[in-house]
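A closer look at the structure
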Amino acid sequence: MEHRATKGSKVAVVRCDSYERESVSSAVREAVELLGGLDSIFGEEPAFKTHGKNAEIVLKLNLLNKAEPEKAVTTHPEVFRAVGELLHKEGYGNLVYGDSPGSPVPGVEKTAEGCGIKAVADELGIRLGDFEHGTDIEYPDGKAAKRFVLCNEIAKVTGADGSQPEGMIINLCKMKTHQLERITGAVKNTFGCVQGVNKAMSHARYQSPEHFARMLADLNTVVRPSLHIMDGIVAMEGNGPGSGDPFPMNAILVSTDPVALDTVFCTLICLDPQLVATNTACADAGVGTWDDEQIEILLGGVPMQKEGAVITLDELAVKYASREFNVQRSRDFRGSMSMMGMVGKLMNKRPVVIANRCVGCGICEQTCPLENKAVIVREDSAGNRVAAYDYSRCIKCYCCQEMCPERAITVKKSLLAKIVDRRWKV
Ligand code: SF4
Ligand code: SF4
């Protein structure tokens, strides 16, 4: 299947310092215009050719869990509003939103309500799509994944279920760190197109960052969002994607190429894009490019605009990158562990429970994808319910850490891993 992101990918980076409504609206509008406008972006899509502006547009959010917008876990409602209003203004009226959250409880609608998204959707008349139920899709061309269970809305709108495509997807991703893949941006956000419990099963099947990234490359080839809009106004650093800390990056990033967009994200946080397995796997699969010579950055906003409209990744790094952003920048030794023996073990990292934050809710246990759970909740000597690990079983997928609502799971690195991480910076 041919992908739309080929050579010469453009990424619009527009400064936006707050979630104040007018600022976000202006930044989103400017970024989309820098890429040529919506009609031009959608122009070659089969559904656009058939249905024109009546084609369904799915706004695929990041609704990881029911977190307030200021926690920077989910796509901010003002970014969602700005995109919805822009689409309406440009004559696109058939809008749907959704995501498959990390946990099936409390459901998509309640999660959207908790994130402040549902209120905006109701105000703008944007319908909730069917992200609760799945359609089995065979994908014989997949390099890592030969089949997916896609959310019904995604299967229908893309035509992945064998029908004619009914519309297009706009990927409204969030700029965050991720324990398995270092970052979660445009590429990783498509994982929420996979229905409910099938996401956990994927973690059990594709365990290493590289294998998981190859599955994501296949997934991106199947669902192919037409446009990626990243909420990087307040990003998440550290213990992401669910328990990290908000970090102001003050930017909206927009591209038709998810790999180029994630590469710009990496550049802004001083992370070598080649260390991110989703970038390299997706480039190999033809989803997009991380090659700095193929990426053109279109700057917008104030004061970026005054510094020159088109710049390279190197220029972006010099002028705007932040080394303060907390992300894993060291090389990963897991691939060579068997060769390195003890060194590999000494470079270990693993999830640990912060006992005084744990309320014993059991979400980590429910989320663990293993049949024989590697984390269970049990009573401690004082009679408190608290989560405990069996590391002999744990595959280090970090689903438990991702979904803990109390930020009670952190990732502990060995001393050697900490030292290397501090020294081995790009
Ligand atoms: S670690 Fe988090 S998810 Fe697990 S039981 Fe404790 S509070 Fe709940
Ligand atoms: S305990 Fe956590 S990190 Fe380990 S396998 Fe289960 S969900 Fe993954």
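Residues numbered from 1 in each chain as written. Chains lettered and ligands numbered in written order. Predicted model: local features only at pLDDT ≥ 70, side-chain atom pairs only at ≥ 80, totals over all residues. Heavy atoms only, no water.

**Regarding the environment of Pro 258**
Rule in force here: Runs of E in the DSSP output that reach at least two residues are strands. Runs of H or I that reach at least four are helices, and both are numbered from the N terminus. Throughout, exposure labels follow a simple rule: accessible area from a 1.4 Å probe, protein chains only, divided by the maximum for the residue type, with under 20% read as buried, over 50% as exposed, and the rest as partly exposed.
One can find Pro 258 in helix H11 (residues 258-268). By relative accessible area, which is 0% here, Pro 258 ends up buried.

**Some remarks on the packing of aromatic side chains**
Here is the rule we go by: Each pair of aromatic rings taken from Phe, Tyr and Trp, with Trp reduced to its six-membered ring, is defined by centres within 6.5 Å and is described as stacked if the planes are under 30 degrees apart, edge-to-face if over 60, and tilted in the remaining cases. Comment: the charge-over-ring label is applied if NZ (Lys) or CZ (Arg) is within 6 Å of the ring centre and within 35 degrees of the ring normal.
For the coordinates displayed, the defined rule picks out seven aromatic pairs. Here the aromatic rings of Phe 42 and Phe 48 are separated by 6.5 Å at their centres, their planes lie at 40°, and the arrangement is tilted. Both rings, one in Tyr 389 and one in Tyr 391, keep their centres 5.3 Å apart while their planes meet at 15°; by these two values the pair is stacked. You can call Tyr 389 buried: its relative accessible area is 16%. Assessed through its relative accessible area of 27%, Tyr 391 is described here as partly exposed. Taking NZ or CZ as reference, Arg 350 lies 4.2 Å from the ring centre of Tyr 391, over its face.

**Here we look at the site of ligand 1**
Short version of the rule: Residues are labelled near a given molecule or strand when at least one of their non-hydrogen atoms is within 4 Å of it. Amino acids are sorted into nonpolar (Ala, Val, Leu, Ile, Met, Phe, Trp, Tyr, Cys and Pro), charged (Asp, Glu, Lys and Arg) and polar (every other residue, Gly among them).
Close to ligand 1 lie 14 residues, the nearest being Cys 358, Cys 361, Gly 362, Cys 364 and Cys 404. Split into classes, the residues belonging to the shell around ligand 1 amount to eleven nonpolar, two polar and one charged.

**Quick notes on the packing of helix H1 (residues 21-34) against helix H4 (residues 77-89)**
As a reminder, the rule being used: Helix axes are fitted only over the stretch in contact, all axes being lines through C-alpha atoms; the angle between N-to-C directions runs from 0 to 180 degrees. Roughly parallel here means an angle under 35 degrees, roughly antiparallel means over 145, roughly perpendicular means 65 to 115, and every remaining angle is called oblique. Should the near helix be turned counterclockwise from the far one by less than a right angle, the crossing is left-handed, whereas a clockwise turn marks it as right-handed. Here a residue-residue contact requires only that any non-hydrogen atoms of the pair lie within 4.5 Å.
Interhelical geometry of H1 versus H4 gives an angle of 55° and a closest axis separation of 9 Å. In this view, H1 runs oblique relative to H4, as classed from their interaxial angle. Considering the relative orientation of H1 and H4, their crossing is right-handed. Contacts from Arg 21, Val 24, Ser 25, Val 28, Arg 29 and Val 32 in H1 reach Glu 78, Val 79, Arg 81, Ala 82, Val 83 and Leu 86 in H4.

**What to know about the domain arrangement of the chain**
Formally: What fixes the domain bounds is an automatic or database domain assignment. Accessible surface is computed with a 1.4 Å probe, and the buried area is the amount of it that two parts give up when combined, taken over both parts together.
The assigned domain composition of the chain is domain 1 (9-320) and domain 2 (336-423). On a C-alpha basis, the centroid separation for the pair domain 1 and domain 2 is 28 Å. Taken together, the contact between domain 1 and domain 2 spans 18 residues of the former and 16 residues of the latter. Summed over both sides, the interface between domain 1 and domain 2 buries roughly 1500 Å², with carbon and sulfur atoms accounting for 50% of that surface. Per-residue buried area on domain 1 facing domain 2 is highest for Gln 179, His 203 and Ser 243; these three make up 33% of the total on that side.

**Describing the packing of H11 against helix H13 (residues 313-320)**
Between H11 and H13, the shortest axis-to-axis distance is 9 Å and the interhelical angle comes to 35°. For the pair H11 and H13, the sense of crossing is right-handed. Taken together, the residues of H13 that come into contact with H11 (itself represented by Thr 263, Val 264, Thr 267 and Leu 268) are Leu 313, Leu 316, Ala 317 and Tyr 320. Looking at side-chain class alone, the contact of H11 with H13 contains six nonpolar, two polar and no charged residues.

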